[in-house]
Amino acid sequence: MVHLNERQKISQDALYLEDTYLGDVHTSVTATGHDEAGGRWLAVRHNIFHPQGGGQPADRGWLGECEVVPVRHAATGLVVLHATGSHSAGLDDLSEGDLVHTRIDAGLRLLHAALHTAGHLVEAACRVEGWTLAGSNHFPGQARIELTPPETGAQLTDAEEREKAADRLRAFIAAAMADDLPVTADHDDEGHRVVRLGDVHAAPCGGTHVRSLADLRQVTISAVKLKKGRLRVSYTAGHRTLR
Ligand SMILES: [Zn+2]
């Protein structure tokens, strides 16, 4: 249930798409509601929270002193904030128009952005091999890109051939990082957000990214495996300013 006329267009700016490095903002409550389980949510006018989607996990953060997690609200398309756990103190008393301070867990944001950007880089390297993207997961500790190889070409059922391919991926990644390719986003003619790594890669994407590949550190291809006809390229990455 949304405490606003459902037909009324609720305005929300997706600041997380404009600036990965924006860690906090003063804004106002633009909508409130309850989910089916009865939990209360709030939506804010200027949203810095990335909800889970596109293989990237959700941010964590705070609204005032209340720890929150963002979720994409299906009925309205808004990114709404739920209190984590039972500590919703401060959230229940707020209503539309109230001014609030929101901030994200900046370290977690940078880790997610680094893993996600590295995923684009790994995908770009794999496309050079002629492989087609079939799926991606940018979660910490399980990051991987899944691809379909062409029916002809290198015999990737052979472990030695897969290791040679992994070395070619590593060389591509090292060269792109040495060039410090810029990571940019623009919109195509149909309004879809397109993310680019220099001129070597372009893909539709709604995630958060680092500013250029120099912001990444230790992008490592840990394994190239073949499972049920799909290649699974596992990788790790960190952010330059995190240890
Ligand atoms: Zn992306």
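Up top is the structure.
Heads up: these notes are all about the structure in this document. In this text the structure is predicted, and so the values were computed from the model without any measurement. (Residues numbered from 1 in each chain as written. Predicted model: local features only at pLDDT ≥ 70, side-chain atom pairs only at ≥ 80, totals over all residues. Heavy atoms only, no water.)

**Side note on the coordination of the zinc ion**
This is how the line gets drawn: Sites may look incomplete, because water is not among the atoms used; the donor set itself consists of N, O and S atoms within 2.8 Å of the metal (3.2 Å for Na, K and Ca). Angle rules define the geometry names used: all angles between 85 and 135 degrees makes four donors tetrahedral, while opposite donors over 155 degrees apart and all other angles between 65 and 115 make four donors square planar and six octahedral, leaving every other case irregular. Only protein chains enter the calculation, and the probe is 1.4 Å; a residue is then buried if its accessible area is under 20% of its type maximum, exposed if over 50%, and partly exposed in between.
Coordination sphere of the zinc ion, protein contribution only: His116 (NE2), His120 (NE2), Cys205 (SG) and His209 (NE2), at 1.9 to 2.1 Å. One can describe the site at the zinc ion as tetrahedral: its four donor atoms subtend angles covering 98 to 121° at the metal. Sequence spacing among the residues donating to the zinc ion works out to H-x3-H-x84-C-x3-H. Per residue, the accessibility class of cysteine 205 equals that of histidine 209, and both read buried.

**So, the environment of glycine 39**
For clarity, the threshold we go by: Secondary structure elements are defined from DSSP: runs of H or I of at least 4 residues count as helices, runs of E of at least 2 residues count as strands, and each element is numbered from the N terminus. Contacts between residues were defined by any pair of non-hydrogen atoms, one from each residue, lying within 4.5 Å.
Here glycine 39 lies in the loop between strand 2 (24-34) and strand 3 (40-44). Note: C-alpha distance between glycine 39 and glutamate 18 (21 residues apart in sequence) is 29 Å. When near neighbours in sequence (up to four residues on either side) are disregarded, glycine 39 contacts Gly33 and His34.

**Details of the nonpolar core**
One broad rule of soluble globular proteins: the nonpolar side chains tend to lie buried together. Where we set the bar: Side-chain atoms within 4.5 Å are what join buried Ala, Val, Leu, Ile, Met, Phe, Trp, Tyr and Cys residues into a set we call a nonpolar core.
Counting residues in each nonpolar core, the largest one holds 33 residues, and the members touching the most others are Trp131, Ile221 and Val233. For this core, the elements supplying multiple residues, two or more each, are helix 2 (106-128), strand 10 (144-148), helix 3 (159-178), strand 12 (193-197), strand 14 (216-227) and strand 15 (230-239). With sequence-adjacent residues up to four places away left out, valine 233 is seen in contact with Val122, Cys126, Trp131, Ala143, Arg144, Ile145, Leu147, Leu169, Ile221, Ala223 and Val224. Membership of the second largest hydrophobic core comes to 16 residues, among which are Val44, Leu63, Leu81 and Leu94.

**Things to note about the sheet that holds strand 14**
Hydrogen bonds between backbone atoms are what pair the strands of a sheet, whose relative direction is either parallel or antiparallel. In plain terms, the rule: Here the rule is simple: two strands pair whenever DSSP picks up at least two bridges between them. Only the contacting stretch of a helix is used when fitting its axis, a line to C-alpha atoms as for every element, and angles between N-to-C directions run 0 to 180 degrees.
Read from one edge to the other, the open sheet built from four strands follows the order 9-10-15-14, with strand pairing classed as antiparallel. If you trace the sheet from one side to the other, it starts and ends with strand 9 (132-137) and strand 14, each paired once. Taking each pair of neighbouring strands and ignoring which way they run, the sheet shows an average axis angle of 20°. Alignment of strand 10 against strand 15, held across four bridges, turns out to be antiparallel. Residue pairing across strands places isoleucine 145 opposite valine 233, the latter belonging to strand 15.

Remember, this is a structural readout, not a statement about activity or role.
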